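# Summary of the model geometry
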Amino acid sequence: MSERIGFITRVQSFSACHRLHSKSLSDEENKRIFGKCNNPNGHGHNYTVEVTVRGKIDRNTGMVMNLTDLKEYIEEAIMKPLDHKNLDLDVPYFADVVSTTENLSVFIWDSMVKLLPPGSLYEIKIYETDKNIVVYRGE
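Residues numbered from 1 in each chain as written. Predicted model: local features only at pLDDT ≥ 70, side-chain atom pairs only at ≥ 80, totals over all residues. Heavy atoms only, no water.

Going by an unreviewed UniProt entry, the chain carries the name 6-pyruvoyl tetrahydrobiopterin synthase and comes from Sinocyclocheilus grahami. In the Cofactor (unreviewed entry) part of its UniProt record, the chain is described as follows: "Zn(2+)". Under the heading Pathway (unreviewed entry), UniProt records this for the chain: "Cofactor biosynthesis; tetrahydrobiopterin biosynthesis; tetrahydrobiopterin from 7,8-dihydroneopterin triphosphate: step 1/3." (UniProt positions renumbered as here; feature names shortened; annotations may be inferred.)

Structure follows, in structure tokens:
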């Protein structure tokens, strides 16, 4: 029997606030581009993130990866640095990077890829709202 490839997705939710504001734009440009999301006091989201890993289904364990390990990696890479934080003030990465959901997905990818077996991270999907979803696959 040939080796089979499987995908595992773990879903996690966290809350964080941010302000969409680019230091490379004028205040007027920021207001025009980001609108109410440029509010000087910020605004919050209840984000839902899906972390998907890909790999061979182990013949002995029947698993692509132990979900307990994946849960611990998510705790380390996502929950500790992001949950109940102000992304712009509490997460050094966003000191010079606009805290859009696109950039948040890159931050999460870069954090997860350091912990997971090489080549196993497949996708980060973030639901900023029910209607706004970002997908990042490391490209």
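In this fold, S120 is placed in the loop between α4 (101-113) and β4 (121-127). Assessed through its relative accessible area of 9%, S120 is described here as buried. When sequence neighbours within four positions are dropped, the list of residues in contact with S120 reads T52, V53 and R54. (Helix = DSSP H or I, 4+ residues; strand = E, 2+ residues; numbered from the N terminus. Buried < 20%, exposed > 50% of the residue type's maximum accessible area, 1.4 Å probe, protein only. Contact = heavy atoms within 4.5 Å.)

Ranked by size, the top nonpolar core spans 28 residues in total, and within it F14, I78, I108 and M112 carry the most contacts. Broken down by secondary-structure element, the contributors of at least two residues to this core are β1 (5-18), β2 (43-56), α2 (67-82), α4 and β4. Each residue touching F14, except ones within four places of it in the same chain, is listed here: H45, N46, Y47, V49, I78, M79, L82, D83, L104 and I108. (Core = buried A, V, L, I, M, F, W, Y, C linked by side-chain atoms within 4.5 Å.)

Another point: the pairing of strand β5 (residues 133-136). With burial as the criterion, only one face of β5 is covered, namely that bearing V134 and Y136; the residues I133 and V135 on the opposite face remain uncovered. Pairing between β4 and β5: four bridges, direction antiparallel. Pairing of Y127 across the sheet is with I133, part of β5. Two successive antiparallel strands, β4 and β5, enclose a turn made up of five residues. (Pairing = 2+ DSSP bridges.)

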